[in-house]
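Summary of structural features
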Amino acid sequence: MMKMKKDKGTYYISTPIYYPSSNLHIGHTYCTVMADAMARFKRLSGYDVHFLTGTDEHGQKIQTAAEAAGMTPQAYVDQIVDGIKDLWETMEISNDDFIRTTEDRHQKRVKQLFMRMYEKGDIYKGEYEGLYCTPCESFWTENQLVNGACPDCGRPVQEAKEGAYFFKLSKYSQALLNLFETNPNFLQPDTRRNEMIAFINQGLEDLCISRSTFDWGIKVPLDEKHVIYVWLDALANYITALGWPDEPALYDKYWPADVHLVGKEIVRFHSIIWPAMLMSADLPLPKQVRGHGWLLIDGGKMSKSKGNIVDPVKLIERYGIDALKYFLLREYSFGQDGIFTNEIMLKRMNYDLANDLGNLVSRTVSMIEKYCGGVIPAAGVGTDNPALLETDKDLTEIAISAAAKVEEQMDKFQFNLAIEEIWILVRRANKYIDENTPWVLAKDEACKERLDAVLHNLAESLRIISLLIHPYMHTTAEEIRKQLGIGATEILWDDAFVFNRLDGQKVSKGDPIFPRLDIDKELAELEAMKGTPKSDNIPLELKPEIDFETFDKLDMRVGTVISAERHPKADKLLVFQVKMGTEKRQILSGVSEFFKPEDFIGKNVIVVANLKPRKLKGMESKGMLLFADNVVDGQLRFEMVTTVAEDGNPVT
Ligand code: ME8
C-alpha cells in the first residue's frame, strides 16, 4: 500500500484549561472529545498536530475550595488533577501535552509575559473599586450586570476595593474591532462575534490584572504582595506550554494556534483579553477562537448543588468510550446548547451504533464467512440487471464521495453533520444488503459471481467506514479493520477515496461491536445510580468573610407579599408589592426561573429594607428580598415561619 506524505503543515488546537475545583463532568468531556476528534482528524488527513489541554489551578475559587476541604491548595489541586489526567487517559484522549499552571515552566513564563507587557507601558498601578464575582474571578461594572448579578453565571456580586495593577485593555479597543472586522473567521460562530463587537462598543475598561486579597497565584514580578489575575495567568498557557520565550522550538513550530476551542461563556476572555495581551507583547494572534454551546440538564447548567452532574466515568464503564464519544459528537450541533438526557443518549447508542453500524459489520463479516469461506472476494459485477447495477453504482458513489463531505463539515466544526455523512453510507450499505439479498443468491450456484460482487462491495464500504469513523471512535475503527483482516495495515485517510483495496483478505468475526441495550432497564439503573445528594458531600463554597460592623449595616425587616407579577420587559424578574408596617414597597427580584408569582401571595419574606433603590429594566426596586441557597437540593428558599395578622402585617 502506498504511503502518503504528511505534508499539510502544522495544526495546533487547544481546549480550555479546566479548573480543578472539583471533578470534571460531561460538559468538560464534551469539549475535550471535540478537540480530540479534530486533532485525530487532522493527523489522519496529513497535518502535524499539536493538541494541548491542562488545568487552571490558581485563584481565589481554588483557594476557597481547598480551605473548605482542609487542605493546602497544592495538595487539593494535585489530587483532582490526577483524576482529570486519569479521565483523559481512560478516554484515550490524544493530547500531546498537559499544562498545569502550577508548573515552574508555566509560572516563570507568565512572569516574563507580564514584564513584557509592563515594559511596553501597558501595565500601571492604580486602585480597583468594583463589583466582583468570586466564582468567575471577574470584576464587573454596574452596567455590565444582568438583573444586578454576574452576567456570566447569574450569581450575586460584591463590592471590592484593592490597590492593583491594571492592563491598558482600553488602548486596544480599536485594534480589536479591526480584528473582528477584517478577519471574520477569527471568532466563530458569527453570533459570538457580534456579541463581542457589541461588548467592545459599550466601551472597554482597563483590566485589573492583580489581586492582593488572597495569595494562591503567581506573584507579580516587582511587587510580591500581589498575585497575577488568574485569567491572565491561565490564558498565557497556550504559549507557555510551547516553551515561549526561553525554549521556543515548539513555539516556533506551532504558534500561532489554529484554534482555541472554548465554551461560549469564556469566548470574551479568549477573543478580547487574550488577543490584547498578545498585541501588547508584540506576539502573533491565534488564528481562531471557536465557542461551543453548553450541555444542559433539567433545562439548566449542571451544578453540584442540584445533584445533576453527569459523571463521564460511570457512562464509560457502562457503555464504553466510543459509544459515549459518538453520542457527544453526533447529538449536538456545534455552537448551540443541547439537552442531555439518558434517554436521548441510550436511543442514539441503540439506533445508530447497535442497529446501523453493529448490524452492518456483523452481517457483512458473517456472510463472507458463511458464503465465501471467510475470504473477501475480488471485485466484480456479476449481473446485468439494471436495477442491481444501479445499487452498486449508488453505493460506490456514496462511499467514495463521503470523505470529501466529511472534510467539508469538519472544516466548519460540524461534527454531527460530518458523522451524519458517514451514517448515510452506513445506512446505504444496510439497504444494499436488503436489495441484493445475498442469502437468496447463495442458494443458486449460477449467482455466485453476483454474490461475490455484493460481498466485495460491502467489505469495501466497511473498510471506508472504518477510515471515516477513525477520528471519532478509533477503537471501533480498529476492531472493524481487524474483522476485515486488515488490522495490521496503516490507516491512511486517502484510502477513503478509493473503492478497490480488498481482495483475498481473511475476515474473522468478533463479538458484536455494540450490544443492543434494553433502554427501560438502563434508564432505571442509571436513575438508581444517581442517589440523593447529601449536604455533607457538597463542599460549602463561601464568599470572603465580613466583619460584624459590615453586617450590622443591613436593616432587615419582615414584610408580607401583597402581589407579585412578571416584569413586562425582563423574563427573569418578578415585581413584588411588599407591605411592611404602614409602608408598601415595590421590590424586584430575579427569581422567576425558580418560582411562580402566585407562590408568594400572602407569604412573609425577609426584606433588606435600607438597600439603595435602583431601577431594573425601567422599574424601581426599593430594597431586596432575601433568598438563600439550600445546599442539599440547590433550591432557593425565602419563607419565614411566621403568621400574618388580620390587618396583613406579620405577627412576630
Ligand atoms: O472556565 N456544557 O474552566 P472550567 C458544555 N479555567 N461545556 C461545558 C459545560 C457544559 N455544561 N461545563 C463546562 C474555565 N464546559 C477556565 C478556563 S482557559 C485559559 C481557562 C466546558 O473548568 C466548556 O468548554 O470552568 C467551558 O468553557 C469549560 O468547560 C469551562 O471549564
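If you're wondering where the values come from, they're calculated on a predicted model, not measured in any experiment.

What counts, and where the lines are drawn
Residues numbered from 1 in each chain as written. Predicted model: local features only at pLDDT ≥ 70, side-chain atom pairs only at ≥ 80, totals over all residues. Heavy atoms only, no water. Pairing = 2+ DSSP bridges. Helix = DSSP H or I, 4+ residues; strand = E, 2+ residues; numbered from the N terminus. Core = buried A, V, L, I, M, F, W, Y, C linked by side-chain atoms within 4.5 Å. Buried < 20%, exposed > 50% of the residue type's maximum accessible area, 1.4 Å probe, protein only. Contact = heavy atoms within 4.5 Å. Disulfide = S-S within 2.5 Å. Phe/Tyr/Trp six-rings, centres within 6.5 Å; stacked < 30°, edge-to-face > 60°. Lys NZ or Arg CZ within 6 Å of the ring centre and 35° of its normal.

**Observations concerning the sheet that holds strand β10 (residues 219-220)**
Taken in spatial order, the 3 strands make up an open sheet running β9-β11-β10, and their pairing is antiparallel. Both outer strands of the open sheet, β9 (210-211) and β10, are each paired with one neighbouring strand and no more. Across 2 bridges, the pairing between β9 and strand β11 (residues 223-228) is antiparallel. Of the residues in β11, the one forming a bridge with Arg-211 is Val-227.

**Some points on the nonpolar core**
Within the largest apolar cluster, 109 residues are counted, with the highest numbers of intra-cluster contacts made by Met-345, Leu-357, Phe-415, Trp-423 and Tyr-472. Counting residues per element, this core draws most heavily on helix α13 (residues 342-372), which supplies 12 residues. Among all residues touching Trp-423, those that are not within four sequence positions of it are Tyr-326, Asp-352, Leu-353, Asp-356, Leu-357, Ile-469 and Met-473.

**Section: the state of the cysteines**
Applying the stated rule across the entire model yields 0 disulfides. For Cys-150, which is in no disulfide, the shortest distance to another cysteine sulfur is to Cys-133 and amounts to 3.7 Å. Overall, the relative accessible area of 2% leaves Cys-150 in the buried class. Among the cysteines around Cys-372, which has no disulfide bond, Cys-447 carries the closest sulfur, lying 13 Å off. The buried category is assigned to Cys-372, whose relative accessible area is 14%.

**Re the packing of aromatic side chains**
Geometrically, a pair of aromatic rings is defined through the distance of the ring centres and the angle of the planes. As enumerated under the stated definition, the model contains 24 aromatic pairs in all. Ring geometry for Tyr-238 against Trp-274: centres 6.0 Å apart, planes inclined by 55°, an arrangement best described as tilted. Placement of the pair is Tyr-238 in helix α8 (residues 237-240) and Trp-274 in helix α10 (residues 267-280), with a sequence separation of 36 residues. Centroid distance Phe-595 to Phe-600: 5.2 Å. Interplanar angle 70°. Geometry classified as edge-to-face. Residue class for Phe-595 comes out buried when judged on its relative accessible area of 11%. One Lys or Arg, Lys-264, reaches over the ring of Trp-294 and ends 4.5 Å from the middle of that ring. Here the basic side chain of Arg-268 rests over the ring of Phe-269, its NZ or CZ set 4.6 Å away from the ring centre.

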